[in-house]
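# Notes for the structure review
Below, each chain spelled out in residue letters.
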Amino acid sequence: MLKAISKTAAASAGTSAVRTQLHPLSLKSPRWRVLYGQRWHTQLRKQPGAPALPPDNVCLAAAGVSTSSTAQRKKVMFPGALNSIYTHTLQFASNVESIPTYQVMDTDGNVLDAANEPQVSREEALYIYKNMHVLNAMDQVLYEAQRQGRISFYMTSFGEEALIGSAAALDNKDMVFGQYREAGVLLHRGFTIEQFMNQCYSNERDLGKGRQMPVHYGTRELNFQTISSPLATQIPQAAGAAYALRRDGGKQCAVCYFGEGAASEGDFHAGLNMAATLGCPVIFYCRNNGYAISTPSVEQYRGDGIASRGIGYGIDTIRVDGNDIWAVYAATKAARKIAVEHNRPVLIEAMTYRVSHHSTSDDSSAYRSKKEVEDWSKRDNPVSRMRAWLENKGWWANGDDAEIAKSAKAEVLHAFSAAEKLKKPSIGLMFEDVYDQLPPELERERKEIDALVRKYPDYYQVHDFARQ
């Protein structure tokens, strides 16, 4: 009611005195509107020809604020904490009830509540399951390739394959900002095994033109922003992109993936606060795998995980079993609905376990026992849970696993072999895609490099590079 009154005041009264009362924050909080609404009433009643307005107490009640003097005294009216009440007890807040973890099926693939049974077709479910196997096969081959010195770096997704469920819940036009372990999202969207291999080899068919480390994928066609190495830089970028999507008036959202380690970066806080205050349609998906790069979560924070931080920023938040692909799917689908239909950010904290080393530069035995990893792999494997669910539905036979694993590895090895034989990108590409016209200094450097490689072709191994 007060919101409508404020618009009437701006349109009909038209005086500067009234306009000064239309504080921009008044449109965001009913209680903030109350503070300024009483002043609007006083001003409006003094304006010639002003519309008839109800008494102040009626407007206060309409805004959800009790009109009794006792209640008004108990409620905090400071603009920085409008939902607080006064207390006479001196007490520091330290703990709140832990946020529950949403789960659809148990480790044996049994759906725990029939109302949560996934509404997907057999074809959709099998497509997801096949991609889980392809992801595993690709990780095995490329991890070994790095150990053999054939590529420079790699990161696997072992233990976190259920993240593919989030991709299945999105629209392919939603803009994705990934971190390190989102290869499954790209697989689901149609990124080919050949494209993965070309990027990891930085060859002439690499979409990034050889300018990125392996696993730093990106594709304009599939709305997947190129991954960058520095932690958490994608979080405020995703908030900004989501704000642009809101201004465009479409029905897409941004989706930002990151780990719990990245949530310790300042960009995490800046990004979430920006998204909350501006009303950005963005899904923040935190993969809490327990170890960040090498720091156990018990040493990294004392609060209730990452989810509690979302609530602190006024963001709709849910914690899910990140090894349960259908819990991930359902949560992401509901989160997207909130983001797109209400222009609000959502935080999903997916609780999972990183079975692999952080990367090929890491040795996780330095901070956890091998037995712990083995026990986790046996006790709660996302691929095994998905297979059990398929078997319970009668959509999969146990013997089919060997065939799909063999087929996936054959596809990966074929693409691997082809990518390894391709040449490196042209040397001249180093000077492209930044400036429309090269500055004089870079033009001088380009000519110098061109002269050197012509003079010493064997030293610079120019035959290994594609011609521009």
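You'll find the structure just up there.
Each value, and the rule that gives it
Residues numbered from 1 in each chain as written. Predicted model: local features only at pLDDT ≥ 70, side-chain atom pairs only at ≥ 80, totals over all residues. Heavy atoms only, no water. Pairing = 2+ DSSP bridges. Helix = DSSP H or I, 4+ residues; strand = E, 2+ residues; numbered from the N terminus. Salt bridge = Lys/Arg side-chain N within 4 Å of Asp/Glu carboxyl O. Buried < 20%, exposed > 50% of the residue type's maximum accessible area, 1.4 Å probe, protein only. Axes fitted to C-alpha atoms, helices over the stretch in contact; angles between N-to-C directions. Parallel < 35°, antiparallel > 145°, perpendicular 65-115°, else oblique. Left-handed = near helix turned anticlockwise from the far one by under 90°. Contact = heavy atoms within 4.5 Å. Nonpolar A, V, L, I, M, F, W, Y, C, P; charged D, E, K, R; others polar.

### Describing the sheet that holds strand E3 (residues 224-225)
- Taken in spatial order, the 7 strands of this open sheet run E1-E6-E7-E5-E4-E2-E3, and their pairing is parallel. Both outer strands of the open sheet, strand E1 (101-102) and E3, are each paired with one neighbouring strand and no more.
- Taken together, the 6 bridges between strand E5 (residues 282-288) and strand E7 (residues 346-351) define a ladder with parallel strand orientation. Bridge pairing in E7 links Ile 283 to Val 346.

### Focus: unusual backbone geometry
- Residues other than glycine seldom take positive phi values, yet Ala 292 does so here, at roughly 45 degrees.
- Considering the arrangement of structural elements, one finds Ala 292 in the loop between E5 and helix H12 (297-300).
- Of note, the phi angle at Asp 433 is positive, near 75 degrees, even though the residue is not glycine.
- Along the chain, Asp 433 turns up in the loop between helix H17 (400-421) and helix H18 (440-455).

### Topic: the pattern of salt bridges
- Scanning all chains against the criterion turns up 22 salt bridges.
- Asp 304 serves as the salt-bridge partner of Arg 319, at 3.2 Å between the closest nitrogen and oxygen. In this pair, Arg 319 sits in strand E6 (residues 316-321) while Asp 304 sits in the loop between H12 and helix H13 (307-312), placing the two residues 15 residues apart along the sequence.
- We classify Arg 319 as buried; its relative accessible area is 5%.
- Across the pair Arg 385 and Asp 321 runs a salt bridge, and its minimum N-O distance is 3.0 Å. On the criterion of sequence distance, the pair formed by Arg 385 in helix H16 (residues 382-393) and Asp 321 in strand E6 is long-range, its members being 64 residues apart.
- Its relative accessible area of 1% is what places Arg 385 among the buried residues.
- Here Asp 321 falls in the buried class, since its relative accessible area comes to 10%.
- Through salt bridges with shared partners, one network takes in Glu 160, Arg 181, Glu 182 and Arg 287.

### Section: the packing of helix H6 (residues 122-147) against helix H9 (residues 193-201)
- Where H6 meets H9, the closest approach of the two axes is 12 Å, and the angle between their N-to-C directions is 25 degrees. Classified by the angle their axes make, H6 and H9 are roughly parallel. Handedness of the H6/H9 crossing: right-handed. Residues Val 134, Met 138 and Leu 142 of H6 lie in contact with H9, whose contacting residues are Ile 193, Phe 196, Met 197 and Cys 200.
- Residues that form the contact of H6 with H9 fall into these classes: 7 nonpolar, no polar and no charged.

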